[in-house]
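# Descriptive analysis of the structure
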Amino acid sequence: MDIRFWNQEIETLAQKDLRQLQLTRLRELVGYAMKTPFYHKRLKKAGISSPEDIQDLEDLQKIPFTVKDDLRQAFPKGLLAVDMEQVVRIHSSSGTTGIPTVIYYTAKDLDRWTDLLARGIVATGAGPADVFQNMMSYGLFTGGLGLHYGAERVGLTVIPVGGGNTQRQLQLMRDFKTSVLHITPSYLLHIHQRMPEFRISPADLNLKKAWMGAEPHSENTRLKLQELYGIDIYNSYGLSEMNGPGVAFECAYKKDLHVWEDGYIIEIIDPATGKVLPEGQEGEVIFTNLIRHAMPLLRYRTRDLAFLHPEPCPCGRTGRRMSRITGRTDDMMIINGVNVFPSQIEEILMSIPEVGNNYQIHLTRKEGLDRLAVKVEIYSKLFTGDLSQLDALKAKINDKLRASITINSRIELHEPGALPAFEGKAKRVVDERDKL
Amino acid sequence: MKIKQISVFLENRKGRLYEICSLLGEAGINIRALTIAETETFGVLRMVVDKPAQAAELFRKHHVTVNQTDVVAVEVPDTPGGLANVLKILSDQNVNVEYMYGFVKKFSEKALLVFRFDDPARAHQVLMAAGVTVIGEKDITGL
């Protein structure tokens, strides 16, 4: 096995030294957190008024969890720890339930994050000889830009194409002999299904590996895609609250994802009690971001479920491995790689007077892509008897939804009372997608 | 002279049209003319009935999404060009037809056409001036 490192010293640091480094960085982080209105109040309440109050890593548990809603409440600058002059980039969510979550980075934050991405890239065996086609969206989403800069740092040739336009993607792969992709599993599957249409087969291409993220998928999906393309596929995990992609990455062994523990403190908790679970038990993943000072986040609840492997990896990296995401503790849906909450859809629907009380969200998968259908009841009193009114209503619902969740949906209109009522145990989300 | 058309929102579900029509049948309400405008997932059933107010009330009671719309019904000879003649009158006077449907009367030489206009009052005026027979509420009830 060809084992390569970007920063061998840090990546193989002895556990004891790794914990010491975490403690030093945690203290520094608490210093920055104290400068934000949000944490100043919260940490004081928890009995922490200076970095010295953190004696050892156990003291982290005195700090209350931070949740996504805290980020919204703190919008826009309640979690900002530096002057805006020092901020060089902003990433933002699409605006879950109206208020977006915003992430700030200083130049140094981006530098540290990029370095973690470089580690992940090298861990999969990629290097300067590779041509990297980045098929994740650029822009406010962290997936595109994150890997972009990481790959440039390692010295790969980057094709910053972003998502979509399958024909063009295939053309680029062929013209530039692309060897590495960064892509969602559903899109990778979709491209394979469309290859015959463009008279291209994987054998015509120079693909060697793919980094796959943004959507949960099973080991079977990985194996199937590896076989379809004849390539190696590596899992990547990240979230914008923890900078973006590259929080954890698989190495050449492809046996789950190494967390860069000098950059993030990972805890696995019982989502019901908040208690930290013993290593190896499945629970909710909690991260403390040790490398971002512009916007500190301490003990952030990801709502993702996973577990940590206690045994070391033969590659020699000491950062423990987390499992792939096994589920969620909330009702978040992932539709073609975009995170969507049913509450976002509900809020839009309920703001439209012609829409009645009940709705249902239907998810299906066709040709490797997710399809979203939203069934709504019309409000009888506003029915005019015109077909054009109903067509306009459908268009209006779709437009408003797309503005919020960035996804096109098929709108179905129903008579009042036709959909299951919310009271009781009505299922608002019907997910008929095959498990990837 | 305007008459009331009953519009019903119909979702695309097996047996729904039957349910709607049997409600009318049981209440002794007679359908005089009917059309369905449909899309992939829903339709709008439009009809002229002999007792429109009663029909609307009946539908509301059964939680059927219903609306009453003013339409104009005219009688034309059931011969080639019958509809074209009426449409020419309207077109010459710039009266806009939103939609229309027709049916043939029993034991009669005439056809009945139901029009939805954006301006029913003016349409009525134009038709009357051209000597077209416009049907009133009473005529419908008695059909």
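Residues numbered from 1 in each chain as written. Chains lettered and ligands numbered in written order. Predicted model: local features only at pLDDT ≥ 70, side-chain atom pairs only at ≥ 80, totals over all residues.

### A short note on the overall build of chain A
Note the following rule: Note on conventions: DSSP H or I runs of at least 4 residues are helices, E runs of at least 2 residues are strands, and numbering of each starts at the N terminus. The globule rule used here is 2.2 Å times the number of residues to the 0.38 power, and the radius of gyration it is set against is calculated over C-alpha atoms. Here the C-beta atoms are placed from the backbone, and a residue counts as buried if at least 20 other C-beta atoms lie within 10 Å of its own, exposed if 12 or fewer do, and partly exposed otherwise. What counts as a contact here is a pair of residues whose C-beta atoms, placed from the backbone, lie within 7 Å.
Helix and strand counts for chain A come out as 11 helices and 21 strands. Here the C-alpha radius of gyration of chain A, 23 Å, is about what a compact globule of 436 residues would show, namely 22 Å. With the C-alpha coordinates of chain A rotated into their principal frame, the extents come out at 70 × 60 × 45 Å. Sorting the 436 residues of chain A into buried and exposed places 43% on the buried side. Here the contacts in chain A between residues at least 6 apart in sequence split such that 68% fall between residues at least 24 apart.

### What to know about the interface of chain B and chain A
Chain B puts 11 residues into the contact, and the matching count from chain A is 14 residues. Those elements that place two or more of their residues in the side of chain B that touches chain A are β1 (3-11), β3 (42-49) and β4 (66-77) of chain B. With three residues, β1(B) is the single largest residue contributor to the side of chain B that touches chain A.

### Notes on the sheet that holds strand β15 (residues 327-328) of chain A
Residues and elements named next belong to chain A. What counts here: A pair of strands is considered paired only if DSSP assigns at least 2 bridges between the two.
Across the sheet, four strands lie side by side as β10-β11-β12-β15; this open sheet has antiparallel pairing. Looking at the sheet topology across the chains shown, the edges are occupied by β10 (264-269) and β15. Two elements, strand β11 (residues 283-289) and strand β12 (residues 300-306), share four bridges in a ladder whose sense is antiparallel. If you follow G283 over to β12, its bridge partner there is A306.

### Examining unusual backbone geometry
Residue and element names in this part refer to chain A. A cis amide bond, omega 0°, links F75 with the succeeding residue P76. As for its placement among the helices and strands, P76 is situated in the loop between α4 (68-73) and β1 (87-92). You will see that R199, though not glycine, has its phi angle at about 55°, which is positive. Of note in this structure, R303 is not a glycine but carries a positive phi near 70°. Tracing the backbone shows R303 in strand β12. Among the residues examined, R303 registers 19 C-beta atoms within 10 Å and is labelled partly exposed.

### So, the confidence of the model for chain B
Residues and elements named next belong to chain B. Spelled out, the test is: Known as pLDDT, the predictor's per-residue confidence is scaled from 0 to 100.
Mean pLDDT for chain B: 87, with 94% of residues reaching 70 or above. For chain B, the element scoring lowest by mean pLDDT is helix α5 (residues 137-142), at 69; helix α2 (residues 52-61) scores highest, at 94. Scoring the predicted complex yields pTM 0.74 and, for the interface, ipTM 0.76.

### Here we look at the environment of L79(A)
Residues and elements named next belong to chain A. Structurally, L79 can be placed in the loop between α4 and β1. A tally of 24 C-beta atoms within 10 Å means that L79 is categorised as buried. Remark: the alpha-carbon pair of L79 and V102, spanning 23 residues in sequence, is separated by 9.4 Å. Apart from the residues lying within four places of it in its own chain, the contact partners of L79 are T36, F38, L71, A74 and M295.

### Describing the domain arrangement of chain B
Residue and element names in this part refer to chain B. This is how the line gets drawn: How far each domain reaches was decided by an automatic or database domain assignment. Gly is put with the polar residues, along with every residue not named as nonpolar or charged; the nonpolar set is Ala, Val, Leu, Ile, Met, Phe, Trp, Tyr, Cys and Pro, and the charged set is Asp, Glu, Lys and Arg.
By domain assignment, chain B separates into domain 1 (3-69) and domain 2 (70-142). For domain 1 versus domain 2, the separation of C-alpha centres amounts to 22 Å. Taken together, the contacts link nine residues of domain 1 with 13 residues of domain 2. Put simply, the parts of the chain that give the side of domain 1 that touches domain 2 at least two residues each are β1 and β2 (31-38). Residues belonging to the side of domain 1 that touches domain 2 are distributed by class as follows: three nonpolar, three polar and three charged.

### Remarks on the environment of S186(A)
Its place among the elements puts S186(A) in helix α8 (residues 185-194). Separated by 31 residues in the primary sequence, S186(A) and H217(A) have C-alpha atoms spaced 9.1 Å apart.

### Focus on the pairing of strand β7 (residues 232-239) of chain A
Residue and element names in this part refer to chain A. Counting buried positions along β7 gives six out of eight residues, so the element sits mostly inside the fold. Where strand β6 (residues 209-212) lies against β7, four bridges are found, and the strand directions are parallel. When the sheet's bridge partners are listed, M212 is paired in β7 with N235. Two strands pair when backbone bridges link them, and β7 and strand β8 (residues 244-250) are joined in this way by three bridges, in the antiparallel orientation. By the bridge assignment, L239 is partnered in β8 with G244. Here β7 folds back onto β8, and the loop between the two strands holds four residues, one of which, N243, carries a positive phi near 90°.

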